[in-house]
Amino acid sequence: MANDLATTFLAFSDRRMGLAVKNIHDCLARLSDDQLWQRGGDHENSIANLLLHLAGNIRQWIMHGVDGQPDVRQRDEEFALNVRLPREAVLRIFDTTLEEARAVIATLPLDDLMSVTDPQPGGGWGAVTKLEAIYLVVGHLHQHTGQIILLTKQMTHADLDLTTPRKR
């Protein structure tokens, strides 16, 4: 029973991450390079900054916290106002990170889910189980996916139809 639950959790986490990536890519296909970096002000994040932030966060929590790789995150660079990478570079960073994280989740031994980790020492979360780390990452990814969808709708003035077609 516990193995079934763990297997279901990991598979569902992977599917939810895949859905978020699909929705993000659908949004990006509708945006120009300028829109990708557009901000309403210095207090707001561009979609490109959100993608870099997600890549940094997911790398820190999954590759470092869950898989034990070195923590290479540079959080301030994720939100820098003066950085403007080409679209291809932003997508490569985001996509590569998500592919790697999903592979870590897919191959995580079930008995490792309850192991304790501290992916962000001094970051306020403290020690969490690897299960909690994955849950937090999937939720964080979906939170920012929702922001990206909203920003895309606002910039394109369009209904994106990212879910089952609706009757109108």
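Preceding block: the structure.
Predicted model only: the values in this text are computed from it and were never measured.

Reading the values: the criteria
- Residues numbered from 1 in each chain as written.
- Predicted model: local features only at pLDDT ≥ 70, side-chain atom pairs only at ≥ 80, totals over all residues.
- Heavy atoms only, no water.
- Axes fitted to C-alpha atoms, helices over the stretch in contact; angles between N-to-C directions.
- Helix = DSSP H or I, 4+ residues; strand = E, 2+ residues; numbered from the N terminus.
- Parallel < 35°, antiparallel > 145°, perpendicular 65-115°, else oblique.
- Contact = heavy atoms within 4.5 Å.
- Nonpolar A, V, L, I, M, F, W, Y, C, P; charged D, E, K, R; others polar.
- Salt bridge = Lys/Arg side-chain N within 4 Å of Asp/Glu carboxyl O.
- Buried < 20%, exposed > 50% of the residue type's maximum accessible area, 1.4 Å probe, protein only.
- Expected span 1.5 Å × (residues − 1).
- Bend = angle between axes of the 7 residues up to and from the residue.

On to the packing of helix H3 (residues 47-66) against helix H6 (residues 130-156), then. Interhelical geometry of H3 versus H6 gives an angle of 170° and a closest axis separation of 10 Å. Classed by the angle they form, the pair H3 and H6 counts as roughly antiparallel.

Taken N-terminus to C-terminus, the directions of helix H1 (residues 2-28) and helix H5 (residues 87-107) make an angle of 170°; their axes are 10 Å apart at the nearest point. On the basis of the axis angle, H1 is roughly antiparallel to H5. Residues Leu 10, Asp 14, Met 17, Gly 18, Val 21, Ile 24, His 25 and Leu 28 of H1 lie in contact with H5, whose contacting residues are Arg 87, Leu 91, Phe 94, Asp 95, Leu 98, Ala 101, Arg 102 and Ile 105. Here the contact of H1 with H5 is built from residues that sort into 10 nonpolar, 2 polar and 4 charged.

On to the pattern of salt bridges, then. Opposite charge on two side chains makes pairing possible when the charged atoms of those side chains draw close. Evaluated as defined, the whole model comprises 6 salt bridges. Between Arg 102 and Asp 14 there is a salt bridge whose closest N-O contact spans 2.7 Å. Of the two residues, Arg 102 is situated in helix H5 and Asp 14 in helix H1; the sequence distance between them amounts to 88 residues. On the basis of relative accessible area, Arg 102 is assigned to the partly exposed category, the value being 27%.

End to end, H6 covers 38 Å across 27 residues, agreeing with the expected 39 Å (1.5 Å per residue, within 8%). Once H6 ends, the next one or two residues include His 157, with phi positive near 55°.

Between its first and last C-alpha atoms H3 spans 26 Å; for 20 residues at 1.5 Å apiece the expected length is 28 Å, and the two agree. Taking the largest bend as the criterion, H3 deviates by roughly 30°, centred on Arg 59. Among the 20 residues in H3, 18 count as buried, and that is most of the element.

All right, on to the environment of Ala 11 then. Looking at the secondary structure, you find Ala 11 in helix H1. Sequence separation between Ala 11 and Leu 91 is 80 residues, and the spatial gap between their C-alpha atoms is 24 Å.

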